[in-house]
Amino acid sequence: MQVVHVLEETAWKSIPSQLNSEITPRADNLDIDTLVQTLSTHLFKHSADIIRARAYLCQVYYFALHDQYYKARDMLLMSHLQETIGNFPVNTQILFNRTLVQVGLCAFRANLVYESQNTLQEICGSGRQKELLAQGVMIQRYSQVSPEQERLERQRQLPFHMHINLELLECVYLTCSMLLEIPLLAQTGSSPDIKKRIISKTYRRLLEFHERQIFTGPPENTRDHVMQASRALAAGEWKKSADLINSIKIWELMADSDKIKAMLSAQIQEEGLRTYLFTYAPFYDTLAVSTLASMFELSERKVAAVISKMISHEELAAALDQVNSAIIFRKGVELSRLQSLALTLSDKASGLIEANERTLEQRTQGTANAFERQGGRGGRGGGGGRGRGGGQRGDRGGSRQRGGQQFGGGALGSAIKA
């Protein structure tokens, strides 16, 4: 806001005193919120479609930058720009991407982890943040880009003082993905009958690559910190996970970094509790709420609230005994490790069969009579003989079609014949 104040004062000083503005008069001395609203409304009423869209996006960007998440989100959704942004010029698309990123960062600062991850998914999940935000040109090895296109791409780049920190953006996205994915992995690991759902493919790929490493040293960058914190959270070591996340230096670039770290520690405590219950529920008959409260350093009321929410969403097969302050787990619902592996093998086998049948159907498409023999009934003997060549073994030439052994197509061939 100080930058806007300075720019307004400098602009009015450079204009002769006899000149005034009809939209924002000199004497009004509007505050920043009213000034932005007035200018956006004027442009929205008296400008063409492109200028109108850019004014709307700039206003959403302003609200997101000043932690007014719900107002920014509602305006962005009401504009329906996400449906038509592909028809706008590239500069407007870049502004839309930057606005989307700011809305995601605003949701993160407001402790809305799911909304933040969902908003940043489109930009950060693509792996082309530099290009989409006009903060760098990604020259691919085998790309066929003409010098003219490369020159236009470089002209679209934003000046450095307008850049959004990409390391901070990646850190926010991976942290939100960790808080959502680790409990989900624990839930699908203990209950494989739940349909496997992937929230972030980018995060899953990084986590699988990190788990395949034989030796992992101390974390060196932001990504290493988040991956090691993910493994600690999955193992139930929520304190270690919180220490790793809070030790990331990039949080100092955000306003109220201490508040952000406290918020992240509270989120890790809650998600650590959920992960622990998903992982170890099959091994308990009953579990005292006070035990969980002491393990995760949460109040018993908070633990009871988290458990009640999990039970109401049918994520946990248990009942909460409020008299004795304990959780009673229902047995026979979770599967053993052997049953889980057997179900996984069954799913993969059925998927393989479906893929083979789909491939066979594509190859035989339009040839419905491909499995019908030209000589009448099927069978190994063709014309009634039991031998490989029917009644005549010596004729291996043209009579092969009548009595020879041919591919019948299996179940799919029978269905096509019918």
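Bear in mind that the values here come from a model prediction, so they are computed numbers and not experimental data.

(A) How the structure looks around the side chain of Ser177. Mapped onto the elements of the fold, Ser177 is located in helix H10 (residues 166-190). Take Ser177: its relative accessible area is 0%, and that puts it in the buried class. Polar contacts involving the side chain of Ser177 include one to the main-chain carbonyl oxygen of Tyr173, which spans 2.9 Å. Sequence-distant contacts of Ser177, defined by excluding residues within four places in its chain, comprise Gln117, Ser200 and Tyr203.

(B) Inspection of the packing of aromatic side chains at higher detail. Evaluation of the coordinates by the stated rule reveals nine aromatic pairs. With a centroid separation of 5.6 Å and an interplanar angle of 15°, the aromatic rings of Phe108 and Trp251 are classed as stacked. Taken together, the positions of Phe108 in helix H6 (residues 90-109) and Trp251 in the loop between helix H13 (238-246) and helix H14 (257-280) put the pair 143 residues apart, joining distant regions of the chain. Of the residues examined, Phe108 reaches a relative accessible area of 1% and is grouped as buried. Here Trp251 falls in the buried class, since its relative accessible area comes to 0%. Measuring from ring centre to ring centre gives 6.4 Å for Tyr280 and Phe283, while their planes differ by 50°; the resulting arrangement is tilted. Aromatic rings pair up to connect Tyr276, Tyr280, Phe283, Tyr284, Phe296 and Phe329 into one cluster. The ring of Phe44 carries the charged tip of Arg52 above its face, separated from the ring centre by 5.4 Å.

(C) Molecular detail of the nonpolar core. By size, the foremost hydrophobic cluster in this structure holds 86 residues, and its most contacted members are Phe108, Met178, Ile245, Trp251, Leu277 and Leu292. Considering every element that reaches this core, the biggest residue donor is H10, with 13 residues. If we skip the residues at most four places from it in the chain, Phe108 touches Ser116, Val172, Cys176, Trp251, Met254, Ile260, Met263 and Leu264.

(D) Broad picture of the packing of helix H2 (residues 32-46) against helix H3 (residues 49-65). Remark: H2 packs on H3, axes separated minimally by 8 Å, with the N-to-C direction vectors making an angle of 160°. With respect to H3, the axis of H2 lies roughly antiparallel. The handedness of the crossing between H2 and H3 comes out as left-handed. Counting all contacts with H2, which are made through Ile32, Asp33, Val36, Gln37, Ser40, Leu43 and Phe44, the residues of H3 involved are Ile51, Arg52, Ala55, Tyr56, Gln59, Tyr62 and Phe63. Among the residues forming the contact of H2 with H3, the class breakdown is nine nonpolar, three polar and two charged.

(E) The environment of Trp251, seen in detail. Each C-alpha atom, one on Trp251 and one on Val172, is 9.2 Å from the other, the two residues being 79 residues apart in sequence. With residues near it in sequence (within four places) discarded, Trp251 still touches Phe108, Leu168, Cys171, Val172, Thr175, Ile245, Asn246, Ser257, Ile260, Lys261 and Leu264.

(F) Structural detail: the pattern of salt bridges. As enumerated under the stated definition, the model contains 11 salt bridges in all. Lys239 is the partner of Glu297 in a salt bridge, and the nearest nitrogen-oxygen pair spans 2.8 Å. One end of the pair, Glu297, is in the loop between helix H15 (289-296) and helix H16 (300-312); the other, Lys239, is in helix H13, with 58 residues separating them in the sequence. We classify Glu297 as partly exposed; its relative accessible area is 48%. For Lys239, a relative accessible area of 44% corresponds to the partly exposed category. Glu270 serves as the salt-bridge partner of Lys302, at 3.5 Å between the closest nitrogen and oxygen. Of this pair, Lys302 sits in helix H16 while Glu270 is found in helix H14, placing the two residues 32 residues apart along the sequence. Through salt bridges that share partners, Glu271, Arg274 and Glu315 make up one connected network.

What counts as what
- Residues numbered from 1 in each chain as written.
- Predicted model: local features only at pLDDT ≥ 70, side-chain atom pairs only at ≥ 80, totals over all residues.
- Heavy atoms only, no water.
- Helix = DSSP H or I, 4+ residues; strand = E, 2+ residues; numbered from the N terminus.
- Buried < 20%, exposed > 50% of the residue type's maximum accessible area, 1.4 Å probe, protein only.
- Polar contact = N/O pair within 3.5 Å; in protein donor to acceptor, adjacent residues only side chain to side chain.
- Contact = heavy atoms within 4.5 Å.
- Phe/Tyr/Trp six-rings, centres within 6.5 Å; stacked < 30°, edge-to-face > 60°.
- Lys NZ or Arg CZ within 6 Å of the ring centre and 35° of its normal.
- Core = buried A, V, L, I, M, F, W, Y, C linked by side-chain atoms within 4.5 Å.
- Axes fitted to C-alpha atoms, helices over the stretch in contact; angles between N-to-C directions.
- Parallel < 35°, antiparallel > 145°, perpendicular 65-115°, else oblique.
- Left-handed = near helix turned anticlockwise from the far one by under 90°.
- Nonpolar A, V, L, I, M, F, W, Y, C, P; charged D, E, K, R; others polar.
- Salt bridge = Lys/Arg side-chain N within 4 Å of Asp/Glu carboxyl O.

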